[in-house]
Structure formats: structure tokens, C-alpha cells
Amino acid sequence: MTSSRKPQWIVPGGLILLSLVPVIAAFVRGAELASRPEVTPDNARFVTAPVPIMLHIVGSVLFAVLGALQFAPGLRRRRWHRYAGRLVLPSGIAVAVSGLWMTLTYALPPIEDSGLSVIRVFVSTGMLFCLVLGFVAVRRRDFMTHRAWMMRAYALALGAGTQAFTFAFWTVAVGEPGVLAYALLMLAAWLINLTVAEWFIRRGGEPRRRAGLSGPGRAGADVSGGAVPGPPAPRSTASRG
Ligand code: HEM
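Residues numbered from 1 in each chain as written. Predicted model: local features only at pLDDT ≥ 70, side-chain atom pairs only at ≥ 80, totals over all residues.

*Asks:* What should I look at first to understand the packing of helix α1 (residues 10-18) against helix α4 (residues 50-69) in this one?
*Replies:* A packed helix pair is summarised by two numbers, namely the angle formed by the two axes and the spacing between the axes. One way to put it is that α1 packs onto α4 with a least axis distance of 8 Å and a crossing angle of 165 degrees. Between α1 and α4, the crossing angle belongs to the class labelled roughly antiparallel. Seen from above, α1 lies across α4 with right-handed handedness. Within the contact between the two elements, α1 uses P12, L15 and I16 and α4 uses V65, A68 and L69. Its residues placed into classes, the contact of α1 with α4 shows six nonpolar, no polar and no charged. (Axes fitted to C-alpha atoms, helices over the stretch in contact; angles between N-to-C directions. Helix = DSSP H or I, 4+ residues; strand = E, 2+ residues; numbered from the N terminus. Parallel < 35°, antiparallel > 145°, perpendicular 65-115°, else oblique. Left-handed = near helix turned anticlockwise from the far one by under 90°. Contact = placed C-beta atoms within 7 Å. Nonpolar A, V, L, I, M, F, W, Y, C, P; charged D, E, K, R; others polar.)

*Asks:* Even after reading the chapter, I still don't get the site of the ligand, so can you show me in this structure?
*Replies:* The environment of the ligand is formed by 25 residues, the closest being P22, R29, S60, G99 and A160. Residue assignment for the shell around the ligand shows that the elements contributing at least two residues are α2 (20-34), α4, α6 (80-105), α7 (114-139) and α8 (143-157). Among the elements that take part in the shell around the ligand, α2 stands out by supplying five residues, more than any other. A class-by-class count of the residues in the shell around the ligand yields 16 nonpolar, six polar and three charged. (Near = placed C-beta within 6 Å.)

*Asks:* How should I be thinking about unusual backbone geometry in this particular structure?
*Replies:* Phi at R36 takes a positive value of approximately 45 degrees, unusual for a residue other than glycine. Secondary-structure assignment places R36 in the loop between α2 and α3 (44-48). Judged by the 7 C-beta atoms lying within 10 Å of it, R36 falls in the exposed class. Despite not being glycine, R141 shows a phi value in the positive range, around 60 degrees. (Buried ≥ 20, exposed ≤ 12 C-beta atoms within 10 Å, placed from the backbone.)

*Asks:* Help me out: how do you make sense of α8 in this one?
*Replies:* Spanning 15 residues, α8 covers 21 Å between terminal C-alpha atoms, matching the ideal 21 Å at 1.5 Å per step. Counting buried positions over the 15 residues of α8 gives 15, a clear majority of the element. (Expected span 1.5 Å × (residues − 1).)

The values reported here are purely geometric and, on their own, carry no functional implication.
This is the structure in C-alpha cells:
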């Protein structure tokens, strides 16, 4: 691999690392549920209603890993990005819908309260909203808007990864979080991710905007400036996201 190619893998590699803790947790919980476990206070809600959690586990692992690869500029210039996107989008929808489903139907564990449930309703519906707008934008061949909404959706999903850090930081600095701190640490992770995503969106968009390459009608300009095959789209008033 040449040195100029190396940085291409920094973002996808970093995102996969960030998702490692929840992805491992997903495998552990999935394996436990597949082995018909004894019902305990910790797993009762998952064992008695396994459909949403299994949907969540499969969707989140696919979305976290394949979604990270969508950030690789080299893959974006190939058909991979398009084909993988057909799996990434439904996986993301599965994460958001199952997250909302569990929020609305599962009994709350002692460390969670209804304030966290309200936050989760906003996060899951917000993620769904971002995915739908990202899909609508790519159908219009408005790649800059597509990029922005998909990055926001991915940022919300990967709150699960950043939460490992906010919790680790709090536990080392303060100790075990209480109910309020638990909800605020989850919220902080989602806000951190959204802030970083907005920074990337603006940073990536500016040069192309100045160069007149953003928006529909410039089908060749994707997130990285990589070539996206296809004819220019008709004129549209789409926002940049
Ligand atoms: C790719 C990102 C995500 C991954 C890898 C992930 C992973 C997981 C895992 C492994 C569990 C089971 C936890 C356990 O065993 O105790 C879980 C539960 C859950 N997740 Fe996610 N998740 C992700 C994104 C989201 C999002 C965006 C939401 C939306 C709010 C969400 C909402 C939930 C809810 C409500 C539960 C059930 C919590 C409980 O009852 O303890 N997740 N997630």
C-alpha cells in the first residue's frame, strides 16, 4: 500500500474501532439468546421478546461495519459503495426501528428512567429521518446531501460506541453513574457524535461548494471527490443538508 493510500483507511478503520465495544456486546447477547438461556433479571426483556433485539443485533452489526466501509474513498469510486448501500440502508432502518420498538415496549432496567426513553425516541426517529432523507437525496443524485444525511445517521447509530468512552471516563473520574448521570452520558455521546459529524460535513463540503461541485447535476462529485458513475441529474432545489 502506498503512503498516499494509507489515510483513506483512517476514517473507516477508526469507525470500526469505535463500534467494537457495542458490536462485541451484540455478538455476546446474540449468542446468549440463541442458546435458549435461563431467564434472569438482566435478560428477561430480551428472552421474552427476542424479535426486536435480534433485529437490532443483526442490523447494528451490519450497519456499523458496512457503514464504516462506505467512508473509504477507494471503495466509493467502485461499485462496492452502491451495492453495499443496498444492505447498509435497510440495516440502518432496522437499527432505528428496533431501537424505537425496544424503547416503547421493553421494561426499563433499574438504571434507566423515562427521561432516557424520551431521548431514545428522538434518537431513533431522528436516525430514521436522516436515512430517509439520505435515500431520497441519492435517488436525486444529490451526493452532497446524501453524504450529509448518511453521516448524521451513522453518527447517531455510533453513539453506542462513544457511550463506551463517556461511561469509562465517568466511571474512572466519578464512579458508577446513577440514573440521571447514565442518561446524560448516553445523551452526551450522541451529541458528541453529531457535533463531529457536522464538522466533517462542513469541512468536506466547503471546498467543493467553492469550486461549484456540490449538489445535484454534479453526479461525478461524491464525498471524497471520487467519481460516481452516471449521468448528471436534472436541476433541483435540494438543500445541502
Ligand atoms: C450500530 C449501533 C448500535 C449498536 C452496535 C447497538 C448495540 C446494542 C446492543 C448490543 C444491545 C443489547 C444490550 C444488552 O445486551 O444489554 C442494544 C440494546 C438497545 N439499543 Fe442499541 N445499538 C446501536 C444503536 C442503537 C440506536 C441508534 C438506538 C436508538 C435509540 C438503540 C437503542 C437500543 C435500545 C432501546 C436497547 C435496549 C436497551 C435495554 O433494554 O437494555 N441502539 N443495542
